[in-house]
Amino acid sequence: MAKVLILGGGFGGVVAAERLAEQLGDEHQITLVSRSRQFVFYPALVRLAFGKCRPADVSFDLRQSMLNRKVNFIEAEVAHIDPFDRIVTIAHGEIAGKLGYDYLIFALGRRLATERIPGFYEHAHHLLSVDKAIKFGKAIHRLYEGRAVFGQCRDARLPVPVYESAFAMARSLEENGKRDSVAITVVSPTTLESELGDIAAAAALKKAFDAHRIRFLPNLNIESLTEQSAITTSGDIVGFDLLMLVPPFRGSSAASYVGITDDNGYINVDATMRVVGHERIYAVGDCVNLDGPKMGHMAVRQAEVAAMNLAAEIDGKEPSSRYQHELRFVIAGLGNDALYLHKDLWSDEPATVRQGRFWNWAKRVQKKYWEVSHS
Ligand SMILES: Cc1cc2nc3c(=O)[nH]c(=O)nc-3n(C[C@H](O)[C@H](O)[C@H](O)COP(=O)(O)OP(=O)(O)OC[C@H]3O[C@@H](n4cnc5c(N)ncnc54)[C@H](O)[C@@H]3O)c2cc1C
């Protein structure tokens, strides 16, 4: 019998648990540990902030869905992993203390390094949790005139909700007849070409910004915030009355100090999703050291690869399934202009870019499909 421990109840952890439950016999024990029993469908948080759905629509109960798949669920806070002695330290929750394992999948996501931007906590909104999205939503409703700014800090690695929020704001103001009273700006630490990795996609997005009278400011590296100003490393000041900013990302602190991460705390993995230099440990999702934006569909694919390889290892075989790093997303909320992009990040091939109302619908269907197949 093998004891398999999965850390994290997000896209990566849930899919890894489901795939392992399908592939491993009943003699093996699978346990998933996460700090909350709620799974959150993050891509829907922009819709939540703009009042297009309710909190109950963006989450479901993990304990029940894991129980249905014969996976043990423990609601607890992971403090640290020890890959040498194969022990995980649980800080508090339904259990506390040491938990041993034979095989581990690390899927604790990324840490928000808000401390790197002085003034962030006091002056910026973000929408990287249900509570923060609701708070941001309340601030949106209070803004009838002035300057709304949306952006990413350096190392944020999540452009899609920034664009979607700016478009949603423009549409909401248009519907209320207030569009002329609010200036909308999107700021980026780089350029659209490097954020999207493709010239054609950047041109399509720029055109959509122009059509919705959204100003785009590239190469602004926000360093600190005051009540109504974002100050950049080169001393530029961007004034705002409402600011939604994605803070810098770092790897999960639970993997620190054991020699398995890069300088930003992301776990070093190979294409089998195994942690470099260690047998029996895999890492998937936002916590790994792969280039480019951090996306849910990547976490899902990485979890499938890791589960297949872990099951092979238990069977005494070498891991042979390999992950291919692809970027795939829909920028919804642009009406007829919704944008779909697909790019292989490990090749120089240009991206596939599609536009049209269909992609708004496709994104909503994807959410429904996720709910039906995983809850
Ligand atoms: C607003 C928004 C919009 C997005 N839009 C898209 C999109 O359109 N398309 C797309 O593909 N991706 C999108 N993403 C990105 C996507 O949600 C993430 O890439 C994805 O959630 C990563 O999955 P993960 O399993 O690695 O991490 P997460 O989903 O972050 O899951 C990590 C889990 O670990 C738990 N956890 C963390 N630390 C601990 C600890 N110490 N102890 C116990 N439990 C812990 C967390 O509670 C969580 O359950 C969006 C994200 C946001 C925030």
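Here the structure is a predicted model, which is why all the values come from computation and not from measurement. Counting starts from 1 at the beginning of each chain's written sequence and moves along it residue by residue. Only residues with pLDDT of 70 or above have their local features reported here, since the model is predicted, and side-chain atom pairs are shown and tallied only from 80 upward, although totals for entire chains, interfaces and linings are computed over all residues. As a convention, hydrogens and water are excluded, and side-chain values are obtained from all of the structure's heavy atoms.

## Section: the overall build of the chain
Argument step 1. Helix and strand content of the chain: ten helices and 21 strands.
Argument step 2. A globule of 375 residues ought to have a C-alpha radius of gyration of about 21 Å, and the chain, at 21 Å, matches this closely.
Argument step 3. With respect to the three principal axes, the spread of C-alpha positions in the chain is 65 × 40 × 40 Å.
Argument step 4. Burial classes: relative accessible area under 20% of the type maximum marks a residue as buried, over 50% as exposed, and values in between as partly exposed (1.4 Å probe, protein chains only). Within the span of the chain, comprising 375 residues, buried residues form 54% of the whole.
Argument step 5. Counting contacts in the chain only where the partners sit at least 6 residues apart, residues at least 24 apart contribute 64% of the total.
Argument step 6. In this description, accessible areas are obtained by the Shrake-Rupley approach with a 1.4 Å probe, and a residue is regarded as covered only by the protein chains that are shown. Summed over all atoms, the accessible surface of the chain reaches about 16,800 Å², with 48% contributed by carbon and sulfur.
Argument step 7. Averaging the coordinates of the 44 positive side-chain charges in the chain and doing the same for the 45 negative ones gives two points 5 Å apart. Helix numbers and strand numbers start at the N terminus; a helix is a DSSP run of H or I with at least 4 residues, a strand a run of E with at least 2. Note on method: radius of gyration uses C-alpha positions; expected globular size equals 2.2 Å times residues raised to 0.38. A contact between two residues is defined here by any heavy atoms of the two lying within 4.5 Å. Under the convention used here, Asp and Glu are negative, Lys and Arg are positive, and both His and the chain ends fall outside the count. In this description, the location of a charge corresponds to atom NZ of lysine, CZ of arginine, CG of aspartate or CD of glutamate.

## Considering empty space enclosed by the protein
Argument step 1. Cavities and pockets are defined on a 1 Å grid built over the protein atoms alone: a cavity is a set of grid points where a 1.4 Å probe fits but cannot escape, while a pocket is an open set with protein on both sides within 12 Å along at least five of seven lines, and lining residues are those with an atom within 4 Å of any such point. Grid points are joined across faces, edges and corners, and a volume is the space filled by probe spheres set on the points. Under the definition given, this model contains one cavity of 30 Å³ or more.
Argument step 2. In this model, the largest cavity occupies a volume close to 70 Å³.
Argument step 3. Considering the residues around the largest cavity, the lining is formed by 14 residues, among which Gly-285, Pro-293, Lys-294, Met-298 and Gln-302 are closest to the centre.
Argument step 4. Of the residues in the lining of the largest cavity, the class split is six nonpolar, four polar and four charged. Note that Gly is not counted as nonpolar here; it falls among the polar residues with everything else outside the nonpolar set of Ala, Val, Leu, Ile, Met, Phe, Trp, Tyr, Cys and Pro and the charged set of Asp, Glu, Lys and Arg.

## As for unusual backbone geometry
Peptide bonds are, in most cases, trans, and in most cases residues other than glycine have a negative phi.
Argument step 1. Phi at Arg-157 is positive, roughly 65°, even though this residue is not glycine.
Argument step 2. Even without a glycine there, the phi angle at Asn-219 is positive, about 55°.
Argument step 3. Positionally, Asn-219 belongs in the loop between strand 12 (214-217) and strand 13 (222-225).

## Brief notes about the layout of surface pockets
Argument step 1. Its volume calculated, the second largest pocket comes out at about 670 Å³.
Argument step 2. Forming the walls of the second largest pocket are 27 residues, and the residues nearest its centre are Arg-47, Lys-52, Ala-332, Gly-333 and Arg-364.
Argument step 3. Looking at the lining of the second largest pocket, the elements that each hand over two or more residues are helix 2 (45-49), helix 5 (130-142), helix 6 (160-175) and helix 10 (358-374).
Argument step 4. For the lining of the second largest pocket, the element with the highest residue contribution is helix 10, accounting for six residues.
Argument step 5. Here the residues of the lining of the second largest pocket are counted per class, giving ten nonpolar, six polar and eleven charged.

## With respect to the sheet that holds strand 13
In a beta sheet, neighbouring strands pair by backbone hydrogen bonds and run either parallel or antiparallel.
Argument step 1. Only strands joined by at least two bridges in the DSSP assignment are considered to pair. Strand order in the open sheet formed by three strands is 13-14-15, with antiparallel pairing between adjacent strands. Every interior strand has two partners, whereas the edge strands, strand 13 and strand 15 (237-239), have only one. Between one strand axis and the next, the sheet turns through 25° on average, direction left out of account.
Argument step 2. Pairing of strand 13 with strand 14 (residues 229-232), which is carried by three bridges, proceeds in the antiparallel orientation. Note on strand 14: the bridge partner recorded for Ile-222 is Thr-232. With axes taken as lines fitted to C-alpha atoms, and helix axes fitted only over the stretch in contact, angles between N-to-C directions fall between 0 and 180 degrees.

## Description of the environment of Arg-111
Argument step 1. In this structure, Arg-111 sits in strand 9 (residues 110-112).
Argument step 2. In this structure Arg-111 comes out as partly exposed when scored by relative accessible area, which is 31%.
Argument step 3. For the pair Arg-111 and Leu-143, spaced 32 residues apart in sequence, the C-alpha to C-alpha distance is 30 Å.
Argument step 4. Apart from residues lying up to four places away in sequence, Arg-111 is in contact with Pro-248, Phe-249, Arg-250, Gly-251, Ser-252 and Ser-253.
Argument step 5. There is a polar contact of 3.0 Å between the side chain of Arg-111 and the side chain of Glu-115. Two N or O atoms count as a polar contact when they lie within 3.5 Å, although within protein this holds only if one can serve as hydrogen donor and the other as acceptor, and sequence-adjacent residues are included solely when both atoms are side-chain atoms.

## Some words on the environment of Pro-43
Argument step 1. By the element assignment, Pro-43 lies in the loop between strand 3 (38-40) and helix 2.
Argument step 2. Sequence spacing of Pro-43 and Lys-363 is 320 residues, and the spatial spacing of their C-alpha atoms is 8.9 Å.
Argument step 3. Not counting chain neighbours up to four residues away, the residues in contact with Pro-43 comprise Phe-11, Glu-164 and Lys-363.

## Quick look at helix 9 (residues 296-314)
Argument step 1. Take the residue count of a helix, subtract one, and multiply by 1.5 Å to get its expected span. In this model, helix 9 (19 residues) spans 27 Å end to end at C-alpha, consistent with the 27 Å of a helix rising 1.5 Å per residue.
Argument step 2. Among the 19 residues in helix 9, 15 count as buried, and that is most of the element.
Argument step 3. In the segment just after helix 9, Gly-316 is the residue with positive phi, at about 85°.

## Quick look at the sheet that holds strand 19 (residues 326-331)
Argument step 1. If you walk across this open sheet you meet the three strands as 19-20-21, and the pairing is antiparallel. Across the chains shown, the open sheet's two edge strands, defined by having one partner strand only, are strand 19 and strand 21 (352-355). Averaged over all pairs of adjacent strands, the angle between strand axes in this sheet comes to 5°, irrespective of strand direction.
Argument step 2. Two strands pair when backbone bridges link them, and strand 20 (residues 339-344) and strand 21 are joined in this way by four bridges, in the antiparallel orientation. Within the sheet, the bridge partner assigned to Leu-341 lies in strand 21 and is Val-353.

## Structural notes on the pattern of salt bridges
Argument step 1. Salt bridges, as used here, are contacts in which a Lys or Arg side-chain nitrogen is within 4 Å of a carboxyl oxygen on Asp or Glu. Counted under the stated rule, the structure contains 18 salt bridges.
Argument step 2. The partner of Asp-180 in a salt bridge is Arg-213, with the nearest N and O atoms 3.1 Å apart. Linking Asp-180 in the loop between helix 6 and strand 11 (182-187) with Arg-213 in the loop between helix 8 (199-211) and strand 12, this pair joins segments that are 33 residues apart in sequence.
Argument step 3. Given the relative accessible area of 49%, Arg-213 is considered partly exposed.
Argument step 4. Several salt bridges share partner residues, and in doing so they unite Arg-19, Glu-22, Arg-301 and Glu-304 into one network.

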